[in-house]
Amino acid sequence: MIDCDAKKPYTIVKHAWCPEARDALRDTFYTDGEEIAQGVLSGRMELFRVNDDSWAVTEIMRGMLFIWCYAGRGSNQFVDRMRVVARLNKLSQVSFFSRHKGAARLWKRFNPRMIPTYQPGEVQYVFEVPA
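Residues numbered from 1 in each chain as written. Predicted model: local features only at pLDDT ≥ 70, side-chain atom pairs only at ≥ 80, totals over all residues. Heavy atoms only, no water.

### Points about the nonpolar core
One finds I67, F78, V79, V94, F96, W107 and F127 to be the most contacted residues of the largest nonpolar core, which totals 18 residues. Of all elements in the fold, only β4 (64-71), α3 (75-88), β5 (93-98) and β7 (123-128) reach the threshold of two or more residues within this core. For this core, the leading source of residues is α3, giving 4 residues. Ignoring anything within four residues of it in the chain, the contact list for V94 reads M64, L65, I67, M82, R83, A86, Y125, V126, F127 and V129. (Core = buried A, V, L, I, M, F, W, Y, C linked by side-chain atoms within 4.5 Å. Buried < 20%, exposed > 50% of the residue type's maximum accessible area, 1.4 Å probe, protein only. Helix = DSSP H or I, 4+ residues; strand = E, 2+ residues; numbered from the N terminus. Contact = heavy atoms within 4.5 Å.)

### Topic: unusual backbone geometry
Unusually for a residue other than glycine, R62 sits at a positive phi of about 50°. Position of R62 among the secondary structure elements: in the loop between β3 (54-61) and β4. Its identity as a non-glycine residue notwithstanding, N111 has a phi of 50°, on the positive side. Mapping N111 onto the fold places it in the loop between α4 (103-106) and β6 (113-116). The class of N111 is exposed, set by a relative accessible area of 65%.

### Quick notes on the sheet that holds strand β2 (residues 46-50)
Read across the open sheet, the 7 strands follow the order β1-β2-β3-β4-β5-β7-β6; overall the sheet is mixed. Of all the strands in the sheet, the pair left with one neighbour each is β1 (12-15) and β6. Going across the sheet, the axis of each strand differs from the next one's by a mean of 30°, ignoring polarity. Relative to β7, β6 runs antiparallel, the two being bridged by 4 bridges. Within β7, the position partnered with R113 by the bridge is V126. Together, β1, β2, β3, β4, β5 and β7 form the strand contacts of α3, whose direction differs from that of β4 by roughly 160°. (Pairing = 2+ DSSP bridges. Axes fitted to C-alpha atoms, helices over the stretch in contact; angles between N-to-C directions.)

Distances and angles like these do not, on their own, reveal function.
Put into structure tokens, the structure is as follows:
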């Protein structure tokens, strides 16, 4: 019998760069993804496995936590968790780039600033982190 009410814990696990991540994130890359791969391999960026079915790459710079790419389900929960991580690290903002048409509606509760980028259809969402 399956318990439909059972809540699976939300997990975010730091992960080494691997072919599985490259394949999953491929559609989020501007080019071939080599800049992201090198960022993770050098330690400048971090790769995370989210709930065993999603991938994310983040970087901290200039007082902001950048979510460079995310592939999979649950981006709303991931942004929410990263706001907590940012606050604990005394960062003032979280930034997320997205080409997802429904992202503005999805993240409305966070009241992000929306900045169009030079990539067609892409928007940078900047979330303030409460102190």
